[in-house]
Amino acid sequence: MKLKNLFTAGLSSAVVFTAAKYLTFSNQQNQVKELLQTKQCPECNFSNANLKGLDLQGVNLQGANLEGAN
């Protein structure tokens with residue numbers, strides 16, 4: 001019974017982590033779209049985002065989280 005509970009807890013954690021990661025990615029896609037349209041995205045979260053190849057010249061990223069971004 002303890003093994004079943006441990007498995008269920010582990011599976012639940014994996015589902016929550018995957019959902020959170022997907023929502024973060026989806027939110028980042030929206031922020032990138034906003035950034036490219038308006039050249040403004042202060043305090044956006046681009047942590048671990050792939051921004052390679054984007055023209056970021058003249059954009060406002062003041063206070064944005066770029067930790068681990070490419």
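Up top is the structure.
Residues numbered from 1 in each chain as written. Predicted model: local features only at pLDDT ≥ 70, side-chain atom pairs only at ≥ 80, totals over all residues. Heavy atoms only, no water.

*Asks:* Please clarify how the state of the cysteines should be interpreted in this entry.
*Replies:* What we call a disulfide is simply a covalent bond connecting the sulfur atoms of a pair of cysteines. On inspection of all chains with the given rule, the structure shows one disulfide. A sulfur-sulfur distance of 1.7 Å marks the disulfide that ties Cys41 to Cys44. In this structure, the disulfide formed by Cys41 and Cys44 twists by about -70° around the S-S bond and is classed as left-handed. A residue is classified by how much of its surface remains accessible, and Cys41, at 0% relative accessible area, is buried. Since its relative accessible area comes to 6%, Cys44 is described here as buried. (Disulfide = S-S within 2.5 Å. Buried < 20%, exposed > 50% of the residue type's maximum accessible area, 1.4 Å probe, protein only.)

*Asks:* In this structure, what is going on with the nonpolar core? I would like to understand it.
*Replies:* The nonpolar side chains of a soluble globular protein tend to be buried, and buried together. With ten residues, the main nonpolar core is built from Val32, Leu35, Cys41, Cys44, Phe46, Ala49, Leu51, Val59, Leu61 and Ala64. Residues contacting Val32, with those up to four places away along its chain left out, are Phe46, Leu51 and Leu54. (Core = buried A, V, L, I, M, F, W, Y, C linked by side-chain atoms within 4.5 Å. Contact = heavy atoms within 4.5 Å.)

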